[in-house]
Amino acid sequence: MPRFQLFTPIAIGLLMALASGAARAAEGSAGVAVNLPAPIPPAATASRARQLLNAGQTDLAERMVRAALAAGADDSLLCLSGEIQFRLARFPEAARAYEAAIALNPDNARAWWGLGRIEQANFREQRARDLFSRAFGLNHRDIDIILAYADFVTDPASKSILLDNVARLARVDQPERAERAVAQRLIQERLRGRTPGRLASPYAAYRLPLSGFRPNTSAQDGILVTARINGGKPLRLLVDTGARGIVIYARAARNLGLETIVASRLTGLGDPGGGESRVVLARRVEFGDLAFDECLVEVSERSLTAGADGVLGADVFGRFKIGVDAREGVLQLTPFDDPAAAPPNVSQASVTAVGMRNLLLLKARVEGGKEGLFLVDTGAAFTAVSREYLPPALPLGRPVELQGAQGPVGGAFRVAPLAFRVGGLALVEHAPLAVDLRSISQLEGIEIAGILGFSMLGKTQFTIDLRAGIVEFARAAR
């Protein structure tokens, strides 16, 4: 059975899952007196539905909330309906639910927070900040609201106080989030208010050479860029637009003079286990003439793949417009104040993305299947589609072994070639995979229909703009 690499996405953090049984309706017979249970208060329904949502049972949560709203409008239920619609990537429906909740109760903090998430996903950062600030002013004890607000707080002391509050509030019911808040505070304190990953070289255009990533066969499965950390030996990092930050493997981190800040854990596709890591501080990271100071690096205790020393998320170069040309072996970084980086004209080649913490998702439709959000992921060797987005009559082929960030990924199968519509572009994948993406959707908080991997992205030159959320294809892949 062939085995391939599929890294998507890699991040620091832990996922909390809650389970709950579904509510059951009372039954009676016509003409027979029965004692009907008292109506379930909206707050109790919202609590139960939220547990289902947190456990990944989105459809059941949606049905429960819809049934409760049919009996009468309630701002807490409308707000939760907005969260469910956001999870399903239905932003217009989510916005209407949040606005309806605010119409009933202008002091519903989670409704304002929900509207802020929609703005943030659409790269309207100023509007998102204002909405998160309003939500925090209404409720400073909601963990989701605190963390969203804290992302925009620049004063180190104030941010530390917010993270301490999260740690205290989450300690009993959400210990994983409490641990993460403590870790973030330790990182904040170590940096003493300085921004990590500061540009140490001139803000100018850089042209970085790329080499082919061939971990298993002669076929190219990705692209590598060379980096040096603290002036050490050259490291080959897999360029991964579906990852965040810098991850290197423990064997590559030896003798680099890295300062450990806190223990961590890699998250992503794959069976749980084997994801132990630590966050370290590198004095300098260099890519040829391009240099960054005080970079946070995650050191994984296990190697995720042969042929590379680690993984490089595209967000490391977020100060630039990022051009990727795998065929020519070039990574072009262009400053935003350079005329060459001007926003592209609206055309078939430009596609507006949805952003989830520096990951880009493009709305795409599989021919004969459903439309959904697909992760732009050069770190995934193959393009993959969640089964429910495939054409209904499409048969599954032979099983395939995949390796994710946390280990083996089960339940993957080959399927016949697929045609995609991404914006106005027609893209073709000749050897796609059907993969269960529910775990990564749950981790990211939004339904991910599939992954546009290197097998497709490597055929065309493209650029990504993490500031405005635009992906521009030079030509359609064939």
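Attention here is on the structure that accompanies the text. Fair warning: this is a prediction, and the values are worked out from it, not measured in the lab. (Residues numbered from 1 in each chain as written. Predicted model: local features only at pLDDT ≥ 70, side-chain atom pairs only at ≥ 80, totals over all residues. Heavy atoms only, no water.)

Our focus in this paragraph is the overall build of the chain. For the chain, the count of helices and strands is 12 helices and 26 strands. For the chain, buried positions account for 52% of its 478 residues. In the chain, of all internal contacts separated by at least 6 residues, the share reaching a separation of at least 24 is 64%. Of the roughly 21200 Å² of accessible surface on the chain, a fraction of 51% belongs to carbon and sulfur atoms. (Helix = DSSP H or I, 4+ residues; strand = E, 2+ residues; numbered from the N terminus. Buried < 20%, exposed > 50% of the residue type's maximum accessible area, 1.4 Å probe, protein only. Contact = heavy atoms within 4.5 Å. Areas by Shrake-Rupley, 256 points an atom, 1.4 Å probe, with all protein chains shown as cover.)

Before going further, it helps to examine the side chain of E429. For E429, the location among the structural elements is in strand β22 (residues 425–429). No salt bridge is formed by the buried E429; its nearest oppositely charged neighbour, K459, is found at 5.2 Å. Within the structure, the side chain of E429 is placed 2.7 Å from the side chain of S455, a separation counted as a polar contact. When sequence neighbours within four positions are dropped, the list of residues in contact with E429 reads T383, P417, L418, F420, S455 and M456. (Lys, Arg positive; Asp, Glu negative; His and termini not counted. Salt bridge = Lys/Arg side-chain N within 4 Å of Asp/Glu carboxyl O. Polar contact = N/O pair within 3.5 Å; in protein donor to acceptor, adjacent residues only side chain to side chain.)

Now for the packing of helix α5 (residues 109–121) against helix α6 (residues 125–138). Following both chains from N to C, one finds α5 and α6 inclined at 165°, their axes separated by 8 Å at the closest point. Between α5 and α6, the crossing angle belongs to the class labelled roughly antiparallel. Between α5 and α6 lies a crossing whose hand is left-handed. Between α5 and α6, the residues in contact are A109, W112, W113, L115, G116, R117, E119 and Q120 and E125, R127, A128, L131, F132, R134, A135 and L138, respectively. A breakdown of the residues in the contact of α5 with α6 according to their chemical character gives 9 nonpolar, 2 polar and 5 charged. (Axes fitted to C-alpha atoms, helices over the stretch in contact; angles between N-to-C directions. Parallel < 35°, antiparallel > 145°, perpendicular 65-115°, else oblique. Left-handed = near helix turned anticlockwise from the far one by under 90°. Nonpolar A, V, L, I, M, F, W, Y, C, P; charged D, E, K, R; others polar.)

Applying the stated criterion across every chain yields a total of 10 aromatic pairs. Ring geometry for F132 and F152: centres 6.0 Å apart, planes at 45°, overall tilted. Within this pair, whereas F132 is found in helix α6, its partner F152 is found in the loop between α7 (143–150) and α8 (156–170), the two being separated by 20 residues in sequence. By relative accessible area, which is 22% here, F152 ends up partly exposed. Centre to centre, the rings of F287 and F317 are 5.1 Å apart; their planes meet at 70°, and the pair counts as edge-to-face. With F287 in strand β9 (residues 276–287) and F317 in the loop between β11 (310–313) and β12 (320–325), this residue pair connects regions lying 30 residues apart in the sequence. Across this residue pair, the class does not change: F287 and F317 are buried. Lying over the aromatic face of F86, R117 brings its terminal NZ or CZ to 3.9 Å of the ring centre. The ring of F382 has R414 lying over it, and the distance from NZ or CZ to the ring centre is 4.7 Å. (Phe/Tyr/Trp six-rings, centres within 6.5 Å; stacked < 30°, edge-to-face > 60°. Lys NZ or Arg CZ within 6 Å of the ring centre and 35° of its normal.)

A few words on helix α3 (residues 75–87). Under the 1.5 Å per step criterion, the end-to-end length of α3 is 18 Å for 13 residues, consistent within 8% with the ideal 18 Å. Judged by how many residues are buried, α3 sits mostly within the fold: 12 of 13 residues are covered. Where α3 is buried, its residues contact α1 (42–54), α2 (58–70), α4 (91–104), α5, β15 (354–356) and α11 (438–444). Positive phi shows up at A89, right after α3, with a value of about 65°. (Expected span 1.5 Å × (residues − 1).)

Given a rise of 1.5 Å per residue, 14 residues ought to cover 20 Å, and the 20 Å separating the end C-alpha atoms of α6 matches this to within 8%. Listed as buried for α6 are A128, L131, F132, A135 and F136. Projected down its long axis, α6 shows its buried positions confined to an angular sector of 140°, all on one face. In this structure, the buried side of α6 is in contact with α5, α7 and α8. (Arc of directions from axis to C-beta.)

Phi at A89 is positive, roughly 65°, even though this residue is not glycine. If you check the backbone angles, N255 has positive phi at about 65° while not being a glycine. Mapping N255 onto the fold places it in the loop between α10 (250–253) and β8 (259–267). The exposure class assigned to N255 is exposed, which follows from its relative accessible area of 82%.

Attention now goes to the pattern of salt bridges. A complete count under the given rule lists 21 salt bridges for this structure. Between R110 and D142 there is a salt bridge, with its nearest N and O atoms 2.8 Å apart. Here the residue R110 occupies a position in helix α5, and D142 occupies one in the loop between α6 and α7, the gap between them amounting to 32 residues. Per residue, the accessibility class of R110 equals that of D142, and both read buried. A salt bridge links E301 to R278; the nearest nitrogen and oxygen atoms lie 3.6 Å apart. Here E301 is found in the loop between β10 (290–300) and β11, whereas its partner R278 is found in strand β9, with 23 residues between them in sequence.

This paragraph deals with the environment of R134. Mapping R134 onto the fold places it in helix α6. Considered as a pair, R134 and D107 are 27 residues apart in the sequence and their alpha carbons are 9.5 Å apart.

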